[in-house]
Every structure is written in structure tokens, then in C-alpha cells.
Amino acid sequence: GEEPQSSSANNVPDSDRLSVAPMMAWTNRHFRYFLRLMTRHTKLYTEMINADTITHCKDHLRPFLGFNTIEHPVVAQLGGNNPEALAEAAYECQRWGFDEVNLNCGCPSKKVSKRCFGARLMLQPDLVRQITHAMRRRVSIPVTVKCRLGADDRDSYPELQEFITTVKASGVTHFLIHARKCLLSGLSTTQNRSIPPIKYDWVYNLCNDYPELDFSLNGHVQTLAEARTHLNYHLQDERRTSVLVGNGSSPASIGGEKCNIAPPPRKGLKGVMLGRAAFTTPFILADADRQIFGQRKNPIDTKPQLIEQYLRYCDRVTESEGSSKKLALALVKPLTNLFHGEVGIKHYKACLLHEEIIRKKNFDIRDVLTMSMKHLSNVDRSAFGLDGR
């Protein structure tokens, strides 16, 4: 919405089955639009928005909260540690039309941690309860929590249970869990995404221990097949695929990650959240509506169809907002990994994001894409309508 709007009724009941995680420097409105062209039902999240930014910029919130109506179902993720500020920010998100608001209790960034929010909030379960209680009193849309398995030395399963039990007292019923702990000092943000061991079994155990709550799983899910395995894990063995099948205690591997296997929970996951796979291999989402949501067909079938629709969007944005280096970079960035795995991808990306090209006053995304795709020797540019440029 370019202006405040009432919340959309387009949110389908099962949209949580698959979602794309909030990721700084990636899940802005242009990338979300790009993903939405491929999947109508996958739930999309904003980058984390600092609640103070919203409360201090009430007269010009469009850069922070504006989005396209096609993006529904879309969730605003908020960061902060002040219950009143977060409640007010949640209200503004509702006023701007978001379908849901999510509290970030999982970001391990040192910058975020220094301000005592993100994953550091896992060390203060009662403060999280106060925050989510205040948010829920202020809005009618769902309030959810995204968190880790633990932080620093507060990393045992009983302590995770204590966090869930404390926060659920506020009325929150849906927790999205990155199935790793994080170390707030000693590891970088990037290291915290890979070094702490993955523990999917803890998330499955939560499904058993809290049947009244909903849990979504996040962490190193790289394909739709892996997402389906997680979603079906509570079903009988013969209904499941083999990726996560074990004897209940021996380690298994999924996506190259070793993990322990939990007994199948009585109740399944509410959903699976994709993280880096959404920008490193974005075209996997082109089959999400069929594979995950049971639709008869997907919105688009080919990369040329996707590019044609996305370039039309870029034209509209440039026409209404003018051209700038910042906007040009934001518009080309979603295309960075569209040709993942193709010969010449490294040179394609370098050309696509080249500083001098992006800075041009007469920037034309079609020209940039045409130049960049010349490095992809196995891709037929004529199929994209770009060969004559």
C-alpha cells in the first residue's frame, strides 16, 4: 500500500505452510514483489524494522511501511525492547495494511544485540511477554514471535520451554523457530547462521509439548522437497520421505546438516520458513504453489515469463519514483541469483551490479540485464526478448 489501508482479506488460511524469512538487505518491497510473481500463497516478511524508526517518523512512513497490495499475505517484523514503542509500531503496521506483525527475538547481529533486542531478548522471557502483551492489546491482527533455540549459556531445552511458557501467557500462539542457538559474543552474524548445531528435533518436541500452540521451523531448509519433509514429519512413516527418517537417536543429515531425529510429533508443524535459499536459489519458489499449497498450477512457469512481468514492475516504479543509484540497485538485486548454477554466473552478477552501470543517469534495467546475460553462454537470450537490444 502506498497509503494506509485496511488489512487485506486475501490472506489464505494455509499461507504459513511456507514463508520467506525476514532478511536484512534482501526482503524489501522489490524483492517481495519479485517473489510474489512466482508464488501467490507463500507468506512474505519485511526486513526487521526498528520500532523506534516507526514511532519517530509517523509523518513519513511510506519508505518503511509502504508495500504493493500484490504482496499479501505479508508480515511486518519489528525489532525493539520497549513494550509501549512496539505496541505503537504494531498499530502503525496494522494501519498500513500488514496481515500480521512479528517480534524479532532471533537476530544475533552485534549492532542489534548492543541495543538489547533481537536474540538478546531470549535472555529476558518476561520482557518478551510484556512486549507481546502490549502489542496484542493494541492490534487485532496476529502477533507472532521469531526466536532461536536459545542464546549464550541459556541454551537448554528446559530453558527454551521456559521461554515459550512465559511468552505464551501474553496470548501469542505461533512461534517461528530458527533451530539453532546463537552466541551473542564470539560469533559473527554469519557464523551464527551455520556454526551452532541445527536441532530440528527440539522444534518437533515443542509440537508435542505444546499442542495448543503452533510452531514453524526455520534453519537451513534449502529445497521445497525438504520443506515438505518437515511439514509431513508427523505423518506415518510410509507417508514421509526418507530425508529425516532415523531410529530416534542416531544423527541424520538434511541439506548437508547433521541433526538428531525426534519421534514424530502428534501434531505437525504449522509451517516451514525458507531463509537464504530464497535469494540464493529464488526460482525454486516458482513451484511452491503447486508443491506446498496443492494448487493445480503455478502463477508462472518459466524465467522469461518472470522477467517480463518483473521488468514491467520496474518500469512502473522508475516512472513514479524517478531514477537514482539506490533505486536502481534495489531493482536489479532480485535478479542476482535467478540464473544460479549457470555457466558464467559470476560474470553475470558482476556486470549486473557494476557500480558505473548502476550510477548512470539514464539507467535502463533492460540494457543492464541484456549486457549481463551475455555472460551466460548456455542461456538463450532470444527467449527473454533481449537478444535484439
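Sequence order as written defines the numbering, with residues in each chain counted from 1. In view of the model being predicted, local features appear only for residues whose pLDDT reaches at least 70, and side-chain atom pairs are presented and counted only at 80 or more, with totals across whole chains, interfaces and linings using the full set of residues. For the side-chain quantities, the full set of heavy atoms in the structure was used; hydrogens and water were omitted.

A.B. asks: What should I look at first to understand the confidence of the model for the protein in this one?
C.D. replies: Low pLDDT marks stretches whose predicted atomic positions should not be read closely. Overall, the predicted model of the protein reaches an average pLDDT of 87, with 83% of residues at or above 70. A low-confidence stretch, residues 1–13 stays under pLDDT 50, and its non-local contacts, those more than four residues away or across chains, total 32 contacts. Under a pLDDT of 50 for its full length, residues 238–252 has, in the predicted model, 30 contacts with residues more than four places off or in other chains. Think of pLDDT as the predictor's per-residue confidence, scored from 0 to 100. Here, residues are in contact when the closest pair of their heavy atoms is within 4.5 Å.

A.B. asks: Just to check I follow, could you spell out the packing of aromatic side chains for this structure?
C.D. replies: The geometry of an aromatic ring pair is captured by two quantities: the separation of the ring centres and the angle between the planes. Here a Phe, Tyr or Trp ring, Trp counted by its six-membered ring, pairs with any other such ring whose centre lies within 6.5 Å, and the pair is stacked when the planes are under 30 degrees apart, edge-to-face when over 60, and tilted otherwise. Scanning all chains against the criterion turns up 13 aromatic pairs. Judged by centre distance (5.3 Å) and plane angle (65 degrees), the ring pair of W26 and F31 falls under edge-to-face. Exposure categories follow from relative accessible area, calculated using a 1.4 Å probe and restricted to protein chains: below 20% of the type maximum is buried, above 50% is exposed, and the middle band is partly exposed. Residue class for F31 comes out buried when judged on its relative accessible area of 1%. Put simply, the rings of W26, F31, Y33, F34, F279, Y310 and Y313 pair up and form one aromatic cluster. Against the face of W26 rests K333, its NZ or CZ located 4.6 Å from the ring centre. Both a distance and an angle decide whether a charge sits over a ring: NZ of Lys or CZ of Arg must be within 6 Å of the ring centre and within 35 degrees of the ring normal.

A.B. asks: Mind showing me how you'd approach helix 6 (residues 125–138) here?
C.D. replies: Think of an α-helix as turning once every 3.6 residues; residues three or four places apart then point the same way. Helical segments are the DSSP runs of H or I of at least four residues, strand segments are the runs of E of at least two, and each set is numbered from the N terminus. Multiply 1.5 Å by the residue count of a helix minus one, and that product is the helix's expected span. For helix 6, with 14 residues, the first-to-last C-alpha span of 20 Å sits near the 20 Å given by 1.5 Å per residue. Within the span of helix 6, buried status applies to P125, L127, V128, I131, T132, A134 and M135. Buried positions along helix 6 lie against strand 4 (74–79), helix 4 (83–95), strand 5 (100–105), strand 6 (143–147) and helix 7 (157–168).

A.B. asks: It is not clear to me how unusual backbone geometry should be interpreted in this structure. Could you clarify?
C.D. replies: Most peptide bonds are trans, and most residues other than glycine sit at a negative phi. For the bond from H72 to P73, the omega torsion is -5 degrees, close enough to zero to count as cis. Mapped onto the fold, P73 is located in the loop between helix 3 (62–65) and strand 4. Phi is positive for D152, close to 50 degrees, though the residue is something other than glycine. Topologically, D152 is positioned in the loop between strand 6 and helix 7.

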